[in-house]
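# Chain and residue survey
The chain contents come next:
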Amino acid sequence: FTTLEFSCNPPSDLSVTSITENSASVSWMENGNATSWEVIYGESGFDPVTEGENILVENDPQISLTDLSSNTTYEFYVKGLCSENESDLVGPETFTTLPLCNPPSDLSVTNITENSASVSWTENGEASSWEVIYGESGFDPATEGESVFVANNPELNLTNISPNTAYDFYVEALCSEG
């Protein structure tokens, strides 16, 4: 007589949570008796047979992927490892890391007149919009001042400001979810 081949069911319900600029938590549902899994991940479009990073995961069907690049689309696959054999590879599940949201630097003021001034800054990440808060010197930017949203170009012309008055301004980069 011939014994039945021990089957290793593939995992299902691949999901991604806690996505940041450089990490993501991935998980899956175990549908059989695998207690370890192979996770293969890489940038979108990679071949999981010959490319990507492989991680062995034991006991708990989840892992945090770290050291990822910001603003990049990734895919991951999983296969169950049973005592006698392994399951089919399932996936991909796709996710995109968040853009890098570093604070701006090199704030400067130019073209100062009696009632206007141009402010500008250097973007140090991947933001394409900013919030500029300005007011008379010494104001509290958390609760006071004028707030202006700026898109695409890291500069703003402030108008209708008072002559012979000292001003402060602050800039905050606005990234998706950050």
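Heads up: these notes are all about the structure in this document. (Residues numbered from 1 in each chain as written. Predicted model: local features only at pLDDT ≥ 70, side-chain atom pairs only at ≥ 80, totals over all residues. Heavy atoms only, no water.)

### Remarks on the sheet that holds strand β12 (residues 155–159)
Taking strand neighbours across the sheet as the criterion, the three strands line up as β8-β9-β12 in an open arrangement whose pairing is antiparallel. Looking at the sheet topology across the chains shown, the edges are occupied by β8 (105–110) and β12. Strand after strand, the sheet turns through a mean of 20 degrees between neighbouring axes, direction not considered. Sheet topology places β8 next to strand β9 (residues 116–122); four bridges connect them, and they run antiparallel. Among the inter-strand pairings, Thr110 is bridged to a residue of β9, identified as Ser118. (Pairing = 2+ DSSP bridges. Helix = DSSP H or I, 4+ residues; strand = E, 2+ residues; numbered from the N terminus. Axes fitted to C-alpha atoms, helices over the stretch in contact; angles between N-to-C directions.)

### Here's the deal with the state of the cysteines
Under the defined criterion, the tally for this structure stands at one disulfide. A disulfide bridge connects Cys8 with Cys82, and the sulfur atoms are separated by 1.9 Å. Disulfide Cys8-Cys82: torsion about the S-S bond near 80 degrees, hence right-handed. Of this pair, Cys8 sits in the segment before β1 (12–17) while Cys82 sits in the loop between β6 (73–81) and β7 (90–96); the two residues are 74 residues apart in sequence, bridging distant segments of the chain. Both residues of the pair, Cys8 and Cys82, belong to the buried class. (Disulfide = S-S within 2.5 Å. Buried < 20%, exposed > 50% of the residue type's maximum accessible area, 1.4 Å probe, protein only.)

### Concerning the nonpolar core
Membership of the largest hydrophobic core comes to 19 residues, with the highest contact counts inside it found for Val26, Trp28, Leu68, Phe76, Val78 and Phe95. Looking at this core, the elements that each hand over two or more residues are β1, β2 (24–29), β3 (36–43), β6 and β7. Ignoring anything within four residues of it in the chain, the contact list for Val78 reads Pro11, Leu14, Trp28, Trp37, Glu38, Val39, Asp88, Leu89 and Val90. Core analysis: the next-biggest nonpolar cluster, separate from the first, contains 15 residues, Ala117, Ile161, Val171 and Ala173 among them. (Core = buried A, V, L, I, M, F, W, Y, C linked by side-chain atoms within 4.5 Å. Contact = heavy atoms within 4.5 Å.)

### Structural notes on the sheet that holds strand β5 (residues 62–65)
In a beta sheet, neighbouring strands pair by backbone hydrogen bonds and run either parallel or antiparallel. The strand order across the open sheet built from three strands is β1-β2-β5, with neighbouring strands paired in antiparallel fashion. The open sheet has two free edges, formed respectively by β1 and β5, since each of these has just one partner strand. The sheet shows a mean angle of 20 degrees between the axes of neighbouring strands, direction not considered. Looking at chain direction, β1 and β2 are connected through four bridges and run antiparallel. Considered in β2, the bridge of Thr17 is made with Ser25.

### A few points about the packing of aromatic side chains
All chains considered together, the criterion is met by five aromatic pairs. Where Phe46 meets Tyr77, the ring centres are 5.7 Å apart and the plane angle is 80 degrees; that geometry is what we call edge-to-face. With Phe46 in the loop between β3 and β4 (53–58) and Tyr77 in strand β6, this residue pair connects regions lying 31 residues apart in the sequence. In this structure, Phe46 and Tyr77 share a single accessibility class: buried. Ring plane angle 20 degrees and centroid distance 5.7 Å describe the contact between Tyr74 and Phe95, whose orientation is recorded as stacked. Note that Tyr74 is positioned in strand β6 and Phe95 in strand β7, a separation of 21 residues in sequence. Under the relative-accessibility criterion, Tyr74 is labelled buried at 5%. (Phe/Tyr/Trp six-rings, centres within 6.5 Å; stacked < 30°, edge-to-face > 60°.)

### Concerning unusual backbone geometry
Note that the residue after Gly91, namely Pro92, is joined by a cis bond; omega there is 5 degrees. With respect to the element layout, Pro92 can be found in strand β7. Of note, the phi angle at Ser18 is positive, near 50 degrees, even though the residue is not glycine. Turning to its location among the elements, Ser18 is positioned in the loop between β1 and β2.

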